[in-house]
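# Inside the fold
This is what each chain is made of:
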Amino acid sequence: MANSGSLKSTIAVSLTNYLDAGAIVAGASGLTLWQNYLGLSEVHLGWLNFISANCLGAAIGAIIGGFLADKYGRKFIFTYNLLVYMTGVLLIMLSMNFPMLLAGFLVTGVSVGVGVPASWTYISESSEVNNRGRNICISQMSWGVGPMMILLLGMFFAPGGYFFDFVEAVAYIFSDAHLPCDKETVNVFSSRIVFFSLFVVAFIAWNLQRQLQESAEFTAQKADEKKNGLMDNIKVLFQNKVAVKTVCFLAGIYLTWNLVASVMGFFQPHIYETAGGVSNETANWMNFIQWAIIVGITFVTSKLIDKTSHKAIYVFGLLVAISAWLIIVTIGVNGPVGLWSFAILWGIQGGTSVQIFYALWGSELFPAKFRAGAQGLMFFIVRGLSAVWGLVFTVIYGENGEGFTIAAWCMIILLAISLIVGFIGAPNTRCRALEDITKERYGESY
């Protein structure tokens, strides 16, 4: 495949990551508006987070989508999955009650999970050996651009934002003329409009992705074997000792890092406001700047990753991440120096994050037969446990951030585990063909 073709398909598939991160941020930023509009309790909000793209919904979707991608192909996922995503977003946009909103969050979350293993797998299988790391980084950049754009839209369309007059106009057009258009009804339209932007991007992505050709490696692998059922692929994955060890290694580095990252993704503005003592607007702008740093550093990483030791970049990123949290237990985040130092360092680590190497190594270290299924299984484990950890974190953190220092030490320990496991087990796969890696690890039978 030509280099331009590889880059074009990478960009098309990477929109899945934009939609994943975008759904998480859009859901988090609009929670208060939906709470006021529908009269929801904290328990209701907890359920919305628990089954969303940030947690259980994506976990369920990943384990299903991974094995479906191995059975029916990567293109099968691209052809149908974003239709499900658009259905979920549409449910949220049109929600008039809690069950409808909950269903929308669940459907969107499941679709996000279905798409992630197939997208990472397809990018690796369609990349040249000397551009595979670059293309994974481009995919990761899309994960950063999503929150950036959604945060901007959320701030501009929020009550008091620059474009709230437009929100009010749309609200009065679509509201029932026979019912009073109260403040809460108008305000929630800002969240409806943000989700509409995701609907538009999903429609564009679906049209691009359904035109892609099936992965050549998947096609070749399927030509050499009879069709396997879903349970057959699961059985093969768990019976192979090399595959099981690889799952443990990748889950070890990604789970420990993601337990920290998932908390930052959902609670970061709240942490800046309560522990840092800044306003909501300042917290949102800090979050936006941090995502901009992540995108910029990821771009730099994309230029280096196929030419530099993977282990060196991996270790650098985690050392920066640990340094960010050490600032909390030394300088603290009560003043601007500590708060901005933390925000900048966490942004830098995001540009060299464990997720880049999880996506890269996860698609390199498994054979095509169960490559997507293995990634789906790990994504299921990680997102599921992250949902539980999110509940535990809120207890440790406290109502007003009084337990933030203890929480910081928990984060440092988790990141240190990810650093040690990754340093010991980092594979030497840079600029090697996937077929060669598979033969070395699994023999000729795969």
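Each chain carries its own residue numbering, running from 1 in the written order of its sequence. pLDDT decides what is reported in this predicted model: residues at 70 or higher carry local features, side-chain atom pairs at 80 or more are listed and counted, and totals for whole chains, interfaces and linings draw on all residues regardless. Hydrogens and water are ignored here; the side-chain numbers use all heavy atoms of the structure.

### Notes on the nonpolar core
The line we're drawing: Among the buried residues, those of types Ala, Val, Leu, Ile, Met, Phe, Trp, Tyr and Cys that are joined through side-chain atoms within 4.5 Å form a nonpolar core. Exposed residues in this analysis have more than 50% of their type's maximum accessible area, buried residues have under 20%, and partly exposed residues fall in between, with area computed by a 1.4 Å probe over protein chains only. Only runs of H or I of at least four residues qualify as helices and only runs of E of at least two qualify as strands under DSSP, and these elements are numbered from the N terminus. Working rule for contacts: check all heavy atoms of both residues, and any pair within 4.5 Å makes them a contact.
If you look at the biggest cluster of nonpolar residues, it comprises 134 residues, and the most contacted ones within it are Trp325, Trp361 and Phe366. When residues in this core are grouped by element, the largest group, 14 residues, is from helix α13 (residues 241-274). Aside from chain neighbours lying at most four places away, what touches tryptophan 325 is Val260, Met264, Phe342, Trp346, Phe404, Ala408, Met411, Ile412 and Leu415.

### Considering unusual backbone geometry
Even without being glycine, cysteine 431 reaches a positive phi, approximately 60°. As for its position among the elements, cysteine 431 is in the loop between α19 (404-425) and α20 (434-442). We classify cysteine 431 as partly exposed; its relative accessible area is 33%.

### A few points about a nonpolar patch on the surface
To keep things clear, this is the line we draw: Only residues whose relative accessible area exceeds 30% and that form no salt bridge enter a patch; like-charged residues are grouped when within 9 Å of one another, and nonpolar side chains (Val, Leu, Ile, Met, Phe, Trp, Tyr) when within 5 Å. All accessibility values rest on the Shrake-Rupley procedure with a 1.4 Å probe; residue burial counts only the protein chains present in the view. What counts as a salt bridge is simple: a side-chain nitrogen of Lys or Arg found within 4 Å of a carboxyl oxygen of Asp or Glu.
Nonpolar side chains collect at one region of the surface, where Ile60, Ile64, Phe380, Ile381 and Leu385 lie side by side and expose about 370 Å² of accessible area between them. Looking at the nonpolar patch, the elements that each hand over two or more residues are α4 (56-72) and α18 (371-397). The greatest single-element share of the nonpolar patch, amounting to three residues, is contributed by α18. The residue isoleucine 381 is located in helix α18 in this model. For isoleucine 381, a relative accessible area of 30% puts it in the partly exposed group.

### What to know about empty space enclosed by the protein
Under the convention used in this document: Points on a 1 Å grid over protein atoms alone make up a cavity when a 1.4 Å probe fits among them but cannot get out, and a pocket when they form an open set with protein on both sides within 12 Å along at least five of seven lines; lining residues each have an atom within 4 Å of a point. Grid points are joined across faces, edges and corners, and a volume is the space filled by probe spheres set on the points.
Taken as a whole and assessed by the stated rule, the structure comprises five cavities of 30 Å³ or more. Taken as a whole, the second largest cavity encloses approximately 120 Å³ of empty space. Around the second largest cavity, the lining comprises 15 residues; the ones closest to its centre are Ala23, Gly27, Ser52, Ala53 and Phe105. Within the residue set of the lining of the second largest cavity, elements represented by two or more residues are α1 (3-29), α3 (42-50) and α6 (98-125). Here the element with the most residues in the lining of the second largest cavity is α1; it accounts for four residues.

### A short note on the side chain of serine 191
As for its position among the elements, serine 191 is in helix α10 (residues 189-209). Judged by relative accessible area, which is 4%, serine 191 ranks as buried. In contact with serine 191, other than residues within four places in its own chain, are Gly30, Leu33 and Trp34.

### With respect to the pattern of salt bridges
Counted according to the given criterion, the structure contains five salt bridges. Here glutamate 125 ties to arginine 371 by a salt bridge, and the two come within 2.6 Å at their closest N and O atoms. Residue glutamate 125 is located in helix α6, and its partner arginine 371 is located in helix α18; the two are separated by 246 residues in the primary sequence. For the pair formed by glutamate 125 and arginine 371, the shared burial category is buried. Measuring nitrogen to oxygen at the nearest pair gives 3.2 Å for the salt bridge that ties arginine 432 to glutamate 440. Of the residues examined, arginine 432 reaches a relative accessible area of 22% and is grouped as partly exposed. On the accessibility criterion, glutamate 440 (57% relative accessible area) is exposed.

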